[in-house]
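# Commentary on secondary and tertiary structure
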Amino acid sequence: MADNIEQIGSNQATGAGGDSGGASVDKNRRRTLIAWTGAAGAVAGIGIAVPFVMSMFPSERARAAGAPVEVDLSKIEPGMMITEEWRGKPVWVLHRTDGMIERVPRTDDVVADPGSRQPMQPDYARNELRSIKPNYLVLVGICTHLGCSPSQKLEVGEASGLGADWNGGFFCPCHGSKFDLAGRVFKGAPAPSNLEVPPHTYLSDTRLLIGEDSKRG
Ligand code: FES
């Protein structure tokens, strides 16, 4: 291709002082030269872009395939919840306040599986708060009825829109399932079980790893 460009450039220089027919030929040659230069630039661009795109794909593929996801907990203020993606699913991380933790037992009588007997969590989260650390709740944000994404309803009482006795939790608008601040489903809801707690572990006080049970070596 370089030879062709050189040849065309050389022809163009030679024809510059010719007659009007020559000028027309020059014009065509100039167009051809521009086209060749553009093509060469495009090839060079692809050469740069391909390694960039290829370097992006493995992490995306790994993520989709289920690679663990690390979360910086220092950015989640008490009372706040963030959503991460793991294996294509939304995973919620709620930083429960002390008040939220105290309110969980108040729903023991109205939830269907207060002791988490159903296998919707790893063994280490089989407790009333359904967590390793009381202050952090980690849940897959998919309703166990038909897979809708419940809304967070962390406010208490009337402000939540769910009645004066609401203690905070999650509400699935699709068919009305309610879950408390531990992801436990309310009795009589269409959802048959509590929200799922995914495998997770803590790498340090401020680093959570979703998708893996044991600490990295
Ligand atoms: S999908 Fe949540 S209540 Fe039906």
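Residues numbered from 1 in each chain as written. Predicted model: local features only at pLDDT ≥ 70, side-chain atom pairs only at ≥ 80, totals over all residues.

## Thoughts on the overall build of the protein chain
Inclusion rule: Numbering of helices and strands runs from the N terminus, with a helix taken as a DSSP run of H or I at least four residues long and a strand as a DSSP run of E at least two residues long. Buried residues are those with 20 or more other C-beta atoms within 10 Å of their own C-beta, exposed residues have 12 or fewer, and partly exposed residues lie in between; C-beta atoms are placed from the backbone. Any residue pair is listed as a contact if its two C-beta atoms, each placed from the backbone, are within 7 Å.
In terms of helices and strands, the protein chain carries three helices and nine strands. Reading the helices (α) and strands (β) of the protein chain from amino to carboxyl end gives α-α-β-β-β-α-β-β-β-β-β-β. Buried positions account for 24% of the 217 residues belonging to the protein chain. Residue pairs at least 24 apart in sequence account for 54% of intrachain contacts in the protein chain once pairs closer than 6 positions are excluded.

## Topic: the sheet that holds strand β8 (residues 200-204)
How we decide: Two strands form a pair only when DSSP identifies at least two bridges running between them. Axis lines are fitted through C-alpha atoms, for helices just across the contact stretch, and the angle between N-to-C directions can take any value from 0 to 180 degrees.
One open sheet holds the three strands; their spatial order is β1-β9-β8, and the pairing between them is antiparallel. A strand with exactly one partner marks an edge of an open sheet, and here the two such strands are β1 (69-72) and β8. For this sheet, the mean inter-axis angle between neighbouring strands, taken without regard to orientation, is 25 degrees. Of the pairings in the sheet, the one linking β8 to strand β9 (residues 207-210) comprises four bridges and is antiparallel in character. Bridged to Thr201 within β9 is Leu209.

## Quick word on the sheet that holds strand β2 (residues 81-86)
By definition, the strands of a sheet pair up through backbone hydrogen bonds, in either a parallel or an antiparallel sense. The strand order across the open sheet built from three strands is β2-β3-β4, with neighbouring strands paired in antiparallel fashion. Of all the strands in the sheet, just β2 and β4 (136-140) have a single pairing partner and so form its edges. With direction set aside, neighbouring strand axes in the sheet form an average angle of 25 degrees. Both β2 and strand β3 (residues 89-95) contribute to a ladder of six bridges, which runs antiparallel. Bridge pairing in β3 links Glu84 to Val91.

## Side note on the confidence of the model for the protein chain
Put simply, the rule is: pLDDT measures the predictor's confidence residue by residue and takes values from 0 up to 100.
Within the protein chain, residue pLDDT values average 81, and 69% of them lie at 70 or more. When the criterion is pLDDT under 50, residues 1-25 qualifies, and its contacts beyond four places in sequence or with other chains add up to 20 contacts. Contacts from residues 32-54, a stretch scored under 50 in pLDDT, to residues over four places away or in other chains number nine contacts.

## Overview of the nonpolar core
General note: in soluble globular proteins, nonpolar side chains tend to be found buried as a group. The criterion, for reference: To form a nonpolar core, buried Ala, Val, Leu, Ile, Met, Phe, Trp, Tyr and Cys residues must be joined through C-beta atoms within 7 Å.
Grouped together as the largest cluster of nonpolar side chains are 28 residues, with contacts concentrated most on Leu137, Val138, Leu139 and Ile210. Mapped onto this core, the elements with two or more residues apiece are β3, β4, β6 (169-172) and β9. Discounting residues that sit within four places of it in the chain, Leu137 has contacts with Leu94, Arg96, Arg130, Ser131, Leu181, Ala182 and Gly183.

## Remarks on the pairing of β9
Of the two faces of β9, only the one carrying Leu208 and Ile210 is buried; Arg207 and Leu209 on the other face are not. Of the strand pairs in this sheet, β1 and β9 are connected by four bridges, and their pairing is antiparallel. Residue pairing for β9: Asp72 is matched across the bridge by Arg207. Counting the residues that bridge the hairpin from β8 to β9 gives two residues.

## Focus: the environment of Met80
With respect to the helices and strands, the residue Met80 is situated in the loop between β1 and β2. Residues Met80 and Leu154, spaced 74 residues apart in sequence, show a C-alpha to C-alpha distance of 9.0 Å.

## Some points on unusual backbone geometry
A positive phi angle is found at Arg87, which is not glycine, with a value near 55 degrees. Summarising the element assignment, Arg87 is placed in the loop between β2 and β3. For Arg130, which is not glycine, the phi dihedral falls at a positive 55 degrees. For Arg130, the location among the structural elements is in the loop between α3 (98-103) and β4. Exposure remark for Arg130: the 24 C-beta atoms within 10 Å place this residue in the buried category.

## Here's the deal with the environment of Gln118
Tracing the chain through its elements places Gln118 in the loop between α3 and β4. Linking Gln118 and Pro192, residues 74 residues apart in sequence, is a C-alpha distance of 10.0 Å. Aside from chain neighbours lying at most four places away, what touches Gln118 is Asp113, Ser193 and Asn194.

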